Amino acid sequence: MFPGIGYYKFHWNSSTIFLEALSKCRDEGGHLIIINSEEEAGVVRHLFSSHKPEKLLAYAGFFDPAMGQHFVTIFGQPLNETGYQKWGRHQPNGRENESCGYVYEDGTIGDVVCSSPLPFMCEYDLSWNVD
Ligand SMILES: [Ca+2]
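Residues numbered from 1 in each chain as written. Predicted model: local features only at pLDDT ≥ 70, side-chain atom pairs only at ≥ 80, totals over all residues. Heavy atoms only, no water.

Caption draft 1: The arrangement of the coordination of the calcium ion in detail. For the calcium ion, the full set of protein donor atoms is Gln-91 (OE1), Gln-91 (NE2), Asn-93 (OD1), Glu-98 (OE), Asp-111 (O) and Asp-111 (OD), at a range of 2.1 to 3.2 Å. For the calcium ion, the 6 donor atoms in the first shell make angles of 45 to 166 degrees at the metal, so the coordination geometry reads as irregular. For the calcium ion, the donor residues sit on a single chain with the sequence spacing Q-x1-N-x4-E-x12-D. This pair shows no difference in class: Gln-91 is buried, exactly as Glu-98 is. (Donors = N, O, S within 2.8 Å, 3.2 Å for Na, K, Ca; no water. Tetrahedral: all angles 85-135°; square planar, octahedral: opposite > 155°, others 65-115°. Buried < 20%, exposed > 50% of the residue type's maximum accessible area, 1.4 Å probe, protein only.)

Structural data, given as structure tokens:
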């Protein structure tokens, strides 16, 4: 729980493909993390540094559905409207074969092959445990 930002669950020890990560977050009542601010990127950095996973990237809630370098969130919002679009060095670089989004330990984002076994981060609305 990060006051004013949200609830997060870092499945840091998972080796999960993108679609499975997507449905696992949904099953838990949340969604794959979508970063909307520098503060939220700070949460990502914090979660990585406190868990120290073997793999330093985790699936996030955006992808490139047409594989044309037009990234949108899992809710269909263009990535450049989310308030945060800080790509890592040389990212996105996937062209046709890397169309799923991840967050890196430093809070930057990138694209990766959707069948890569990776950790993932879920996010929950702040009202999650209220009602
Ligand atoms: Ca990439």
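Caption draft 2: Spatial organisation of the pattern of salt bridges. If you walk through the whole model with that rule in mind, you get 4 salt bridges. A salt bridge links Lys-9 to Glu-28, with the nearest nitrogen and oxygen atoms 3.5 Å apart. Of this pair, Lys-9 sits in strand β1 (residues 7–16) while Glu-28 sits in the loop between α1 (18–27) and β2 (31–32), and the two are 19 residues apart along the sequence. In this structure Lys-9 comes out as partly exposed when scored by relative accessible area, which is 40%. Glu-28 sits in the partly exposed class, given a relative accessible area of 27%. Ionic pairing is found between Glu-20 and Lys-24, a salt bridge with its closest N-O pair at 3.4 Å. Residue Glu-20 and its partner Lys-24 are located together in helix α1, separated by 4 residues, close to a single helical turn. Among the charged side chains, a network of salt bridges with common partners joins Glu-38, Arg-45 and Lys-86. (Salt bridge = Lys/Arg side-chain N within 4 Å of Asp/Glu carboxyl O. Helix = DSSP H or I, 4+ residues; strand = E, 2+ residues; numbered from the N terminus.)

Any functional reading would require information beyond the geometric quantities listed.
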